[in-house]
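# Overview (structure and organization)
Letter by letter, the chains look like this.
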Amino acid sequence: MGPAREDTPLLGKERPLSSQFKTFANVFIAIVGAGVLGLPYAFKRTGWLMGVLTLFSVAALITHCMMLLVHIRRKLGAANIGSFGDLGFAVCGPLGRFLVDILIILSQAGFCVGYLIFIGTTLANLFNPTTTLTLSHVSPKSLYIWGCFPFQLGLNSVKTLTHLAPLSIFADVVDLGAMAVVIVEDVKIAVEQRPDVVAFGGMSVFFYGMGVAVYAFEGVGMVLPLESEMKDKEKFGKVLALSMGIIALLFGAFGVLGYMAFGDETMDIITANLGPGLVSSLVKLGLCINLFFTFPLMMNPVFEIVERRFWSGMYCVWLRWLLVLAVTLVALLVPNFADFLSLVGSSVCCALGFVLPALFHLMVFKDEIGWKQRTFNSGIVLLGLVLAVSGTWSSLSEIFNWN
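In short, a report on the structure. Positions within a chain are numbered from 1, following the residues in the order the chain's sequence is written. pLDDT decides what is reported in this predicted model: residues at 70 or higher carry local features, side-chain atom pairs at 80 or more are listed and counted, and totals for whole chains, interfaces and linings draw on all residues regardless. Excluding hydrogens and water, the side-chain figures rest on all heavy atoms present in the structure.

Before going further, it helps to examine the side chain of Thr46. What counts as a helix is a DSSP run of H or I of at least four residues, what counts as a strand is a run of E of at least two, and both are numbered from the N terminus. Its location among the elements puts Thr46 in helix α2 (residues 39-46). Relative accessibility decides the category of a residue: with a 1.4 Å probe and only protein chains considered, values under 20% of the type maximum give buried, values over 50% give exposed, and everything between is partly exposed. For Thr46, a relative accessible area of 2% gives the class buried. Beyond its immediate stretch of four places on either side in the chain, Thr46 contacts Gly51, Ala199, Phe200, Gly201, Val205 and Gly209. When checking whether two residues touch, look at their non-hydrogen atoms; a contact exists if any pair is within 4.5 Å.

The next thing to look at is the packing of helix α3 (residues 48-76) against helix α9 (residues 236-262). Packing of α3 against α9 leaves a shortest axis separation of 10 Å and a crossing angle of 160 degrees. As the angle between them shows, α3 and α9 are arranged roughly antiparallel. For the pair α3 and α9, the crossing hand works out as right-handed. Residues Trp48, Val52, Leu55, Phe56, Ala59, Ile62, Thr63, Met66, Met67, Val70 and Arg74 of α3 form the contact with α9, whose participating residues are Phe236, Gly237, Leu240, Ala241, Met244, Ala248, Leu249, Phe251, Gly252, Val256, Tyr259 and Met260. Residue classes in the contact of α3 with α9 are distributed as 19 nonpolar, 3 polar and 1 charged. The convention used is that axes are lines fitted to C-alpha atoms, helices contributing only their stretch in contact, and that angles between N-to-C directions extend from 0 to 180 degrees. The labels follow the angle: roughly parallel below 35 degrees, roughly antiparallel above 145, roughly perpendicular from 65 to 115, and oblique for the rest. Here a crossing is called left-handed whenever its near helix is offset anticlockwise from the far helix by less than a right angle, and right-handed whenever the offset is clockwise. Charged means Asp, Glu, Lys or Arg here, nonpolar means Ala, Val, Leu, Ile, Met, Phe, Trp, Tyr, Cys or Pro, and polar covers whatever is left, Gly included.

In this structure, Leu37, Phe84, Phe217, Phe251 and Phe354 are the most contacted members of the largest nonpolar core, which totals 121 residues. In terms of residue count, the dominant contributor to this core is helix α12 (residues 337-364) (17 residues). Other than its neighbours up to four places away in sequence, Leu37 contacts Phe118, Phe254, Asp268, Ile269, Ile270, Thr271, Leu287 and Phe337. The term nonpolar core refers to a set of buried residues drawn from Ala, Val, Leu, Ile, Met, Phe, Trp, Tyr and Cys, joined through side-chain atoms within 4.5 Å.

Let us look at the state of the cysteines. The disulfide definition used here is simple: a pair of cysteine sulfur atoms within 2.5 Å. Per the counting criterion, the structure on display carries 0 disulfides. No disulfide involves Cys148; its sulfur sits 8.1 Å from the nearest other cysteine sulfur, which is in Cys288.

Moving on, we get to empty space enclosed by the protein. Both cavities and pockets are sets of points on a 1 Å grid over the protein atoms alone; in a cavity a 1.4 Å probe fits but cannot get out, in a pocket the set is open with protein on both sides within 12 Å along at least five of seven lines, and lining residues sit with an atom within 4 Å of a point. Grid points are joined across faces, edges and corners, and a volume is the space filled by probe spheres set on the points. Under the criterion given, the structure shown has 3 cavities of 30 Å³ or more. Considered as a void within the structure, the largest cavity measures approximately 50 Å³ in volume. For the lining of the largest cavity, the secondary structure elements donating two or more residues are α1 (20-31) and α8 (223-228). Looking at side-chain class alone, the lining of the largest cavity contains 8 nonpolar, 1 polar and no charged residues.

The next subject is the pattern of salt bridges. In the sections that follow, a salt bridge refers to a side-chain nitrogen of Lys or Arg positioned within 4 Å of a carboxyl oxygen of Asp or Glu. With the rule as written, the count across this model stands at 8 salt bridges. A salt bridge links Glu368 to Lys75, with the nearest nitrogen and oxygen atoms 3.0 Å apart. Placement of Glu368 in the loop between α12 and α13 (371-399) and of Lys75 in helix α3 is noted, with a sequence separation of 293 residues between them. Each of Arg73, Arg74 and Glu227 takes part in salt bridges that share partners, so that together they form one network.

Next up on the list: the packing of aromatic side chains. Here the distance between the centres and the angle between the planes together describe a pair of aromatic rings. Here is the rule: rings of Phe, Tyr and Trp (six-membered ring for Trp) pair when centre to centre is within 6.5 Å. Planes less than 30 degrees apart are stacked, more than 60 are edge-to-face, and the remainder are tilted. Inspection of every chain in the model, using the stated rule, returns 7 aromatic pairs. Either the NZ atom of lysine or the CZ atom of arginine qualifies as a charge over a ring when it sits within 6 Å of the ring centre and within 35 degrees of the ring normal. If you follow Lys75 out to its NZ or CZ, it ends over the ring of Phe365, 5.9 Å from the centre.

Considered as a void within the structure, the second largest pocket measures approximately 240 Å³ in volume. The set of elements that each furnish at least two residues to the lining of the second largest pocket consists of α4 (84-126), α10 (278-310), α11 (317-333) and α12. Its residues assigned to classes, the lining of the second largest pocket comprises 14 nonpolar, 2 polar and no charged.

Before going further, it helps to spend a moment on a nonpolar patch on the surface. Patches here are clusters of residues that have more than 30% relative accessible area and form no salt bridge, with a 9 Å joining cutoff for like charges and a 5 Å cutoff for nonpolar side chains (Val, Leu, Ile, Met, Phe, Trp, Tyr). Method for areas: the Shrake-Rupley scheme with a 1.4 Å probe, in which residue coverage is limited to the protein chains shown. Together, Phe310, Trp311, Met314, Tyr315, Val317, Trp318, Trp321 and Leu322 make up an exposed nonpolar region whose accessible area comes to about 830 Å². The element best represented in the nonpolar patch is α11, accounting for 4 residues.

Structure (structure tokens):
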């Protein structure tokens, strides 16, 4: 295989096709991540009812946009459209691929920054090292983030994803276990304490909530590989809708119960609300280990794109190390986990999840769709742009306290 060019599809060897259940599980793995841990805090800001309505409308819209990408690929019928970037290239040439590439780099690297913030904050809460180290100018959180750095350099030097595959399954088992423990704790505390909760937080926080919800459901880049791996492609839409519905119910319950348990005391990472104790410490440690190992999986699309653009598609270890260093430095500068989720969700994920799929669909199907579909797609593009601008502004004003 020669060096990769603009139109080289990101496809590996032939793989056996997936059953409906396996596709369902893969969608689950692609969507459920660390974003869910910021939902109770977002619900505290938006109010629980507004939070739930936002969450479900975002889930429905993102599912619709994922299916738009599938319809575009079926219409173009190109065998070499393996990824979102390939689709961008097929629809609008190098510019299309460039746009998708930039957004995927920002979103994936953004997730990894979120992971490091989570790991640093959680470990600093668990083991406060101030007793042994009197470094007045370095926070415990920063020490833990730097502590991860050499190990991440090693993990991110692994050439192929196949060696990392078992880690993603382990990661999701830990995620679901942690969510179950948190939900049980929440129910116990909510029944005992019954703190005051708000249903509607007002329109000013609407965009903030949208940003966190979009982040929680981010996985639009995975839809094309998942569909091409499915045996019975006609049923893909149903399987996708069912899995997104179940995930939305799970996320909604998690957010509402977390907020109902702690009310105004809800922290930006819900696990921080769990008091001291063996179970709570195990959950926090488990999540840290999970995110630590998910980091290289999330960085992989970034490496593929950067190596294709700057190193003719060949493996380059120092480029990877530079990228890991950049992500680590950003993580050290960002104060709050949920605010950062909202920033990545509103800026990058809105463009990837809403704007580009609807825009590409309008371009490919311009002669075939009626005014209803055209208006709906244009509405999604507009909504995505409005969300991106206003959500980015509201998250930045949270992060830098501009209010």
